[in-house]
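# Residue-level structure breakdown
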Amino acid sequence: MTRFLPKTMLGQVMLILALGLMVGQIISTTLLLRGDEQRRALTVVNELTLRFVNAQQRSAEQDERRARREQRQAARREALKAALPQENAETLAALATPLPRPRRGPRAGIERSEEWPALADDKRMDALEPILLQALADQGVNASDLIIARRKAGADPMIQNRPRLRDRLHGENWRSRHILVAGIKREGADQWEIARAVDRERPREVLYMLALQTLVIFGVLFALMYLMMRRITRPLAQLTSRVDAFSRNPDAAEILEETGPQDTRQLIAAHNAMEARVAALLDEKDVMLGAIGHDLKTPLAALRVRIESVADDTQRERMAASIHDITHTLDDILSLARIGRSGVEFQRVDLAALTASVTEEFEDLGEPVTLETSERSVREVQVTWLKRALRNLVSNALRYGHEAKVSLLIENGKAVVQVDDTGPGIPQGEIAAMLEPFKRGEASRNRSTGGAGLGLTLARAIAEQHGGELILSNRIGEGGEKDGQIAGLRAEIVLP
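Please read all numbers here as calculations on a predicted model, not as lab measurements.

Basis of the calculations
- Residues numbered from 1 in each chain as written.
- Predicted model: local features only at pLDDT ≥ 70, side-chain atom pairs only at ≥ 80, totals over all residues.
- Heavy atoms only, no water.
- Helix = DSSP H or I, 4+ residues; strand = E, 2+ residues; numbered from the N terminus.
- Buried < 20%, exposed > 50% of the residue type's maximum accessible area, 1.4 Å probe, protein only.
- Contact = heavy atoms within 4.5 Å.
- Areas by Shrake-Rupley, 256 points an atom, 1.4 Å probe, with all protein chains shown as cover.
- Patch = residues over 30% accessible without salt bridge, like charges linked within 9 Å, V, L, I, M, F, W, Y side chains within 5 Å.
- Salt bridge = Lys/Arg side-chain N within 4 Å of Asp/Glu carboxyl O.
- Expected span 1.5 Å × (residues − 1).
- Bend = angle between axes of the 7 residues up to and from the residue.
- Core = buried A, V, L, I, M, F, W, Y, C linked by side-chain atoms within 4.5 Å.
- Pairing = 2+ DSSP bridges.
- 1 Å grid on protein atoms, 1.4 Å probe; cavity = no way out; pocket = protein on both sides within 12 Å on 5 of 7 lines; lining within 4 Å.
- Points joined across faces, edges and corners; volume = space filled by probe spheres on them.
- Nonpolar A, V, L, I, M, F, W, Y, C, P; charged D, E, K, R; others polar.
- Phe/Tyr/Trp six-rings, centres within 6.5 Å; stacked < 30°, edge-to-face > 60°.
- Axes fitted to C-alpha atoms, helices over the stretch in contact; angles between N-to-C directions.
- Left-handed = near helix turned anticlockwise from the far one by under 90°.

## A few points about the overall build of the protein chain
Secondary structure assignment for the protein chain yields 12 helices and 12 strands. Burial analysis of the protein chain (496 residues in total) assigns 33% to the buried set. Of the contacts made within the protein chain by residues no fewer than 6 positions apart, 68% connect residues no fewer than 24 positions apart. Surface exposure of the protein chain reaches about 30400 Å², of which carbon and sulfur atoms provide 55%.

## Here we look at a nonpolar patch on the surface
On the surface, Met 209, Leu 212, Val 216, Val 220 and Leu 224 cluster together into a nonpolar patch covering about 480 Å² of accessible area. By the element assignment, Val 220 lies in helix α6 (residues 204-248). Val 220 gets classed as partly exposed once you look at its relative accessible area, which sits at 48%.

## What to know about α6
The end-to-end C-alpha distance of α6 is 62 Å, a good match for the 66 Å that 45 residues give at a rise of 1.5 Å each. Arg 230 marks where α6 bends most, by close to 25 degrees. When we look at burial in α6, the residues that qualify are Leu 210, Thr 214, Met 229, Thr 233, Pro 235, Leu 239, Arg 242 and Phe 246.

## What about the nonpolar core?
Soluble, globular proteins show a tendency: their nonpolar side chains are buried together. Among the nonpolar cores identified, the biggest contains 37 residues, and Leu 351, Leu 393, Val 394, Val 419 and Ile 493 are the most heavily contacted of them. Put simply, the parts of the chain that give this core at least two residues each are α9 (351-364), α10 (383-401), β9 (404-411), β10 (414-420), α11 (455-465), β11 (469-476) and β12 (486-495). Examining the composition of this core, we find that 9 residues originate from one element, α10, more than from any other. With sequence-adjacent residues up to four places away left out, Leu 393 is seen in contact with Val 419, Leu 456, Ala 459, Leu 470, Ala 491 and Ile 493. Val 45, Ala 143, Leu 146 and Ala 195 belong to the second largest nonpolar core, which has 20 residues in total.

## Remarks on the sheet that holds strand β3 (residues 143-152)
On the basis of which strands lie adjacent, the open sheet formed by 5 strands has the order β1-β5-β4-β3-β2 and antiparallel pairing. Two strands lie at the open edges of the sheet, namely β1 (111-113) and β2 (123-124), each paired on one side alone. The pairing of strand β4 (residues 178-186) with strand β5 (residues 192-198) spans 6 bridges and is classified as antiparallel. Each bridged residue has a counterpart across the sheet, and for Leu 180 the counterpart in β5 is Ala 197.

## Some points on the layout of surface pockets
By rolling a water-sized probe across the atoms, one finds the places where empty space is left. Empty space within the second largest pocket amounts to approximately 420 Å³. Surrounding the second largest pocket, 17 residues form its lining, Glu 37, Arg 40, Ala 41, Met 125 and Leu 128 being those nearest its centre. At 7 residues, helix α1 (residues 9-83) tops the list of elements feeding residues into the lining of the second largest pocket. Taken together, the residues of the lining of the second largest pocket break down into 8 nonpolar, 1 polar and 8 charged.

## Some remarks on the packing of aromatic side chains
Under the definition given, this model contains 2 aromatic pairs. Relative to Phe 222, the ring of Phe 218 has its centre 5.9 Å away and its plane inclined at 15 degrees; by these criteria the two rings are stacked. Remark: Phe 222 and Phe 218 occur in helix α6; sequence separation between them is 4 residues, near one turn of the helix.

## With respect to the sheet that holds β9
Spatial strand order, β7-β9-β10-β12-β11: 5 strands in an open sheet with mixed pairing. Looking at strand neighbours, the two that pair on one side only are β7 (369-374) and β11, the edges of this open sheet. With direction set aside, neighbouring strand axes in the sheet form an average angle of 20 degrees. As judged from the 6 bridges shared by β10 and β12, these two strands associate in the antiparallel manner. Across the sheet, Val 419 pairs through a bridge with Ala 491, a residue of β12. Strands in contact with α9 are β7, β9, β10 and β12; relative to β7, the strand with the most contacts, it is inclined by about 165 degrees. On the sheet, α11 packs against β11 and β12 and is oriented at approximately 125 degrees with respect to β11.

## Let's talk about the packing of α10 against α11
For any two helices packed against each other, the geometry is given by the interaxial angle and the distance between the axes. Interaxial distance between α10 and α11 falls to 9 Å at its minimum, and their mutual angle equals 145 degrees. Crossing of α10 over α11 shows left-handed handedness. On α11, the residues that touch Trp 385, Leu 386, Arg 388, Ala 389, Asn 392, Leu 393 and Asn 396 of α10 are Gly 455, Leu 456, Leu 458, Ala 459 and Ile 462. By residue class, the composition of the contact of α10 with α11 is 8 nonpolar, 3 polar and 1 charged.

## Re the pairing of β10
Where burial is concerned, most of β10 is hidden: 6 out of the 7 residues are buried. Where β9 and β10 come together, 7 bridges link them in antiparallel fashion. By the bridge assignment for β10, Leu 409 is matched with Val 416. The hairpin turn running from β9 into β10, its antiparallel successor, is 2 residues long, and Asn 412 in that turn takes a positive phi close to 55 degrees.

## Remarks on the pattern of salt bridges
As enumerated under the stated definition, the model contains 18 salt bridges in all. Among the ionic pairs, Arg 51 bridges to Glu 47, the shortest N-O distance being 3.2 Å. You can see Arg 51 and its partner Glu 47 sitting in helix α1, 4 residues apart, about one turn around the helix. Side by side, Arg 51 and Glu 47 carry an identical accessibility label, which is buried.

## Considerations on the environment of Asn 54
With respect to the helices and strands, Asn 54 occurs in helix α1. A residue is classified by how much of its surface remains accessible, and Asn 54, at 26% relative accessible area, is partly exposed. Distance from Asn 54 to Ile 110, taken between C-alpha atoms, is 9.5 Å for residues 56 residues apart in sequence.

In short, geometric facts, not functional conclusions.
Encoded structure:
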C-alpha cells in the first residue's frame, strides 16, 4: 500500500487534501440531494393534501346548498297548502316538489371508486404515507385507510382518457413521466377517494451545479494549497540538496538563503550555523593533523639518522623496524582522517585498467597476486584513494592468506572489485568488528604477523566516500557448508 503513496511531502499533502475534499464533497452532495428529495416529496404531499381538503370543503358546501334548497321547497309546499283548498293543495304541493338531484362526487381532481385501482407496475410509497396521513389530520380530514403508489402516467387509465390531465404533464413524452396516486378512505365511508399529482423529478441543472461546485472547490483549494506547499517544500528541497552536497564535500561550505515560512527559515538558519561550525572544526582538525604529522615525523627522521651510529647490527635493525612501524601507522591515521578532505578530484577512469595497474605493482615485487576476471567499466572515482583501498585489501590477503586473486565484475549495474585469499578466514561473529580501527585478526602488534589494524578501516572509508560499501565474507570450499570448510576470505568493494 505504501509503495503507491507519493514520496514527497508535497505529493502526500496534496493526496490527503484530495481525499479529504472528496469525502467532504460526497457527504455534502448526499445531504443536498437528500434534502432536495425531501423537499420535492413534501411538495407532492402538500399538493395531495390540498386536493383532499378542497374535495372535503366542496362536499360540505354541496351538502349545505342541498339542505337550504330542501328547506325552501318545504316552505313553498306549506304555503300552497295554506292558500288552496285541502283537496287541491296536496296535489299542487306534490307537483311543486322537484325530483331529487343525484349526488355528485367532489371535484378538484378527485375520483371515487369502490376499490383501490391498483396496477401491476405500481410502486408503493410507504415512506410518504405517514406524512400525508398526518398532514390530512392537521387539516381535519380523518382517514381510516391511506395508500400512495407511484406509476407511469401512460399506464394510468384516468390520464389516458382526459386530455386536460395530460396537458399538465408538460410535453409530448407524458407517457414516460411518473405520477403519484393517493387514495384515502374516510372514517365511516365505503368508497376510496383518489387524487393524482405529478412526481416532480430532480432537474438536471441541480446535478450540473453540484458538479460545477465540486470542480470550483477542488480547483481553488488545490491551487492555494499547491502554492503554499511549494513555498514550504522548495526551501526544504534546497536544504536537502545542500546537506547532501556538504556531506560529500565538507570543504565547500556555503550559506543557504533563508526563505519560506518562519519555521523553515529558522531551520535553514540553524543548518547554516551548524555547517559553518562543522567546517571550522574540520579546518581545525586539518591544521592539528598537519601539526601532528610534522611534529612526529621530524623526530622520527632524526631518530632514524641517529640509530646509524649503533654498533650492534641486530639492535639497529630492530630500532629501524620500530621507527618504520610508527611512521607507517602515523601515515594510516593521517590518511584515515583526511579521506574526503584531500582535495583529490573525481575522475572518469576504466576500473579494469586501475585494477590491473595495482595488480602489476605486486607482481613486480614478486608477490603471488593474479588478476582473474576483469570486465570493462568506466566510473568516476578518486584514483589515488581507490588504489590505496585495493592495495590494503591485497596486502591483507597476502599477509593472512599468502596469495591474492583479484577480480572485477559488473553485477546489476554495480562494479564489484573482489580480492580472494586462501587463508583461514574470519569467524562469522567477528567480521563486523574487523572493520573497526585498530582491530586485527592477530592479537600481537608485530607487523610481521599483522598490521596496525587500519587497513580494512581505510578501505571501508574509501568505499563509503565513493557511495559504495566494503563487504567481507568467508568462502566455502569444496567440502560445502555442512563440513564448515573455509577456503579463505573474500573482500569486496562495491561501487554504485
